[in-house]
Amino acid sequence: MRVQKKIAMINDFSGFGRCSLMVSVPIISAMKVQCCALPTAILSNHTGYEDFFFDDYTDRMQEYYEKWERLGLSFDGIYTGFLGSEKQVGIVQDFIRHFAKENTVIIVDPVMGDNGSRYTTIDEGFCKEMRKLLPGADIITPNLTEACLLAGDSYLETGADKTELTRLADKLRKLGAKNIVITGIADGEDICDFIYTADKEAILLRQPCSGEAHAGTGDVFSSVIAADAVNGEDIVTSVKKAAAFVGKAIKLSHEMRIPTQEGVCFEELLCELAI
Ligand code: PXL
């Protein structure tokens, strides 16, 4: 009998725009892992839009997960994404203290920005605070912008330069992260992902870019990584799978004329993850 694994997903609920919980719950579920949501904020649509409703959940998160504590819950994976405030970093640390078991995999997607800029709700202080989640993180999945923000570097304009990426990943290692996956690095006609494993193996994966950049693709990517991690898949195989899935979803979204702000139409391909 297969034992089903369970992930606590700390992320926002954005009703429209295919990101965060709206992406992670179906993907993680399709990969046969139970996904338990702890919301960090409730939004009408993601912050890439000019206007959005934003209900910060900072003051309610502890009360919410105290009930989980009473239920005696623990998790095989804890996956954190978009946080609604700087203060939530401390809340996430407290959550990990309460709910991680000895073998719990901690996956941190430090959602802070893209294309060289911070998202509108994220400031400098927030980025510094986010660094505190790196010690204890088994896997982190920043995009290039987020990796630079965490390292305190200016944005790397070099594209997929393995030496530069290794130097950057090494800084994140020194801040405490074990496996580092820098995602969605645009390089000419290609899109690359860089893996710096816990034993300092540096691997650059490359695939032809199959369409324009869409919102929420980092969330799709990290959800595949998180479900695979608790299922015991090795990180390189998992990154290849996540990259191929995102690439296919971007291509289909282009063919189906999905506006880039609306994310990728991963729903069309979800069954491919359910193997
Ligand atoms: O996809 C990352 C993300 C998650 N959650 C919210 C966002 C974004 C990116 O813009 O705004 C609310």
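Only a predicted model underlies this, so the values are computations on that prediction, with no experimental measurement involved. (Residues numbered from 1 in each chain as written. Predicted model: local features only at pLDDT ≥ 70, side-chain atom pairs only at ≥ 80, totals over all residues. Heavy atoms only, no water.)

**As for the site of the ligand**
Reasoning step 1: If you check the shell around the ligand, you find Asp 12, Ser 14, Cys 19, Ser 20, Leu 43, His 46, Thr 47, Phe 82, Val 111, Tyr 119, Gly 216 and Asp 219 and nothing else.
Reasoning step 2: The contact in question runs from an oxygen atom of the ligand to an N or O atom on the side chain of Thr 47, over 2.6 Å.
Reasoning step 3: The side chain of Asp 219 places a nitrogen or oxygen atom 2.8 Å from an oxygen atom of the ligand.
Reasoning step 4: Surface burial for the ligand is 94%, taken as the share of its 310 Å² of free accessible area covered by protein chains. (Near = heavy atom within 4 Å. Polar contact = N/O pair within 3.5 Å; in protein donor to acceptor, adjacent residues only side chain to side chain. Areas by Shrake-Rupley, 256 points an atom, 1.4 Å probe, with all protein chains shown as cover.)

**A short note on the pairing of strand 5 (residues 100-108)**
Reasoning step 1: Here five bridges tie strand 4 (residues 75-80) to strand 5, and the two strands are oriented parallel to one another. Residue pairing in the sheet places Gly 77 in a bridge with Val 105 of strand 5.
Reasoning step 2: A crossover connection joins strand 4 to the parallel strand 5 through helix 3 (residues 88-99); in handedness this β-α-β unit is right-handed.
Reasoning step 3: Bridging between strand 5 and strand 8 (residues 139-140) involves two bridges; their strand directions are parallel. Residue pairing for strand 8: Val 108 is matched across the bridge by Ile 140. (Pairing = 2+ DSSP bridges. Helix = DSSP H or I, 4+ residues; strand = E, 2+ residues; numbered from the N terminus. Right-handed = clockwise from strand over helix to strand, strands pointing away.)

**Considering the side chain of Asp 138**
Reasoning step 1: Residue position: Asp 138 is located in the loop between helix 4 (124-130) and strand 8.
Reasoning step 2: For Asp 138, a relative accessible area of 17% translates into the label buried.
Reasoning step 3: For Asp 138, the side chain forms a polar contact with the main-chain nitrogen of Ile 106, separated by 2.8 Å.
Reasoning step 4: At 3.0 Å, the side chain of Asp 138 forms a polar contact with the side chain of Lys 178. (Buried < 20%, exposed > 50% of the residue type's maximum accessible area, 1.4 Å probe, protein only.)

**Observations concerning unusual backbone geometry**
Reasoning step 1: Positioned with a positive phi, Asn 115 is a non-glycine residue whose angle comes to about 50 degrees.
Reasoning step 2: Exposure remark for Asn 115: the relative accessible area of 62% places this residue in the exposed category.
Reasoning step 3: With a phi close to 60 degrees, Lys 200 is a non-glycine residue in the positive phi region.
Reasoning step 4: Here Lys 200 is to be found in the loop between strand 10 (190-196) and strand 11 (202-208).

**Considerations on the nonpolar core**
Nonpolar side chains tend toward joint burial in soluble globular proteins.
Reasoning step 1: Counting residues in hydrophobic clusters, the biggest one holds 46 residues, and the most contacted among them are Trp 68, Phe 95 and Ile 182.
Reasoning step 2: The element that contributes the greatest number of residues to this core is helix 5 (residues 144-151), accounting for six residues.
Reasoning step 3: Not counting residues up to four positions away in its chain, the partners in contact with Phe 95 are Ala 8, Ile 10, Leu 38, Tyr 65, Trp 68, Phe 75, Ile 78 and Ala 100.
Reasoning step 4: Membership of the second largest hydrophobic core comes to 43 residues, among which are Ile 27, Leu 205, Ile 258 and Val 264. (Core = buried A, V, L, I, M, F, W, Y, C linked by side-chain atoms within 4.5 Å. Contact = heavy atoms within 4.5 Å.)

**A look at the packing of helix 2 (residues 58-70) against helix 3**
Reasoning step 1: Interhelical geometry of helix 2 versus helix 3 gives an angle of 5 degrees and a closest axis separation of 10 Å. As summarised for this structure, helix 2 and helix 3 are arranged roughly parallel, according to the angle between their axes. Where helix 2 abuts helix 3, its residues Thr 58, Met 61, Gln 62, Tyr 65, Trp 68 and Glu 69 lie against Gln 88, Ile 91, Asp 94, Phe 95, His 98 and Phe 99.
Reasoning step 2: Grouping the amino acids of the contact of helix 2 with helix 3 by side-chain chemistry returns six nonpolar, four polar and two charged. (Axes fitted to C-alpha atoms, helices over the stretch in contact; angles between N-to-C directions. Parallel < 35°, antiparallel > 145°, perpendicular 65-115°, else oblique. Nonpolar A, V, L, I, M, F, W, Y, C, P; charged D, E, K, R; others polar.)

**Some points on the pairing of strand 11**
Reasoning step 1: Across seven bridges, the pairing between strand 10 and strand 11 is antiparallel. Bridge pairing in strand 11 places Phe 194 opposite Leu 204.
Reasoning step 2: Taking the residues between adjacent antiparallel strands as the criterion, strand 10 and strand 11 are bridged by five residues, where Lys 200 takes a positive phi near 60 degrees.

**Points about the packing of aromatic side chains**
Within a pair of aromatic rings, the relevant descriptors are the distance that separates the centres and the angle that separates the planes.
Reasoning step 1: By the definition in use, this model includes twelve aromatic pairs.
Reasoning step 2: Plain terms: the ring middles of Tyr 65 and Phe 95 are 5.2 Å apart, the flat faces sit at 85 degrees to each other, and that makes the pair edge-to-face. Placement of Tyr 65 in helix 2 and of Phe 95 in helix 3 is noted, with a sequence separation of 30 residues between them.
Reasoning step 3: Take Tyr 65: its relative accessible area is 1%, and that puts it in the buried class.
Reasoning step 4: The class of Phe 95 is buried, set by a relative accessible area of 0%.
Reasoning step 5: Relative to Phe 99, the ring of Phe 75 has its centre 5.8 Å away and its plane inclined at 55 degrees; by these criteria the two rings are tilted. One end of the pair, Phe 75, is in strand 4; the other, Phe 99, is in helix 3, and 24 residues separate them in sequence. The residues Phe 75 and Phe 99 share a single accessibility class, namely buried.
Reasoning step 6: Here a set of aromatic residues connected by ring pairs shows up, and it is made of Tyr 64, Tyr 65, Trp 68, Phe 75, Phe 95 and Phe 99.
Reasoning step 7: Taking the ring centre of Phe 75 as reference, the NZ or CZ of Lys 6 above it sits at 5.8 Å. (Phe/Tyr/Trp six-rings, centres within 6.5 Å; stacked < 30°, edge-to-face > 60°. Lys NZ or Arg CZ within 6 Å of the ring centre and 35° of its normal.)

**Some details on the sheet that holds strand 1 (residues 6-16)**
Reasoning step 1: If you trace the nine strands from one edge of the open sheet to the other, you get 3-2-1-4-5-8-9-10-11, paired in mixed fashion. Of all strands in the sheet, those with a lone pairing partner are strand 3 (54-56) and strand 11, marking the two edges.
Reasoning step 2: Pairing geometry for strand 1 and strand 2 (residues 34-45), over nine bridges, is parallel. The partner of Asn 11 across the bridge, within strand 2, is Pro 39.
Reasoning step 3: Together, strand 1, strand 2 and strand 4 form the strand contacts of helix 1 (residues 20-30), whose direction differs from that of strand 1 by roughly 135 degrees.
Reasoning step 4: The sheet contacts of helix 8 (residues 235-255) involve strand 8, strand 9 (179-187), strand 10 and strand 11, and relative to strand 11 the element is tilted by about 20 degrees.

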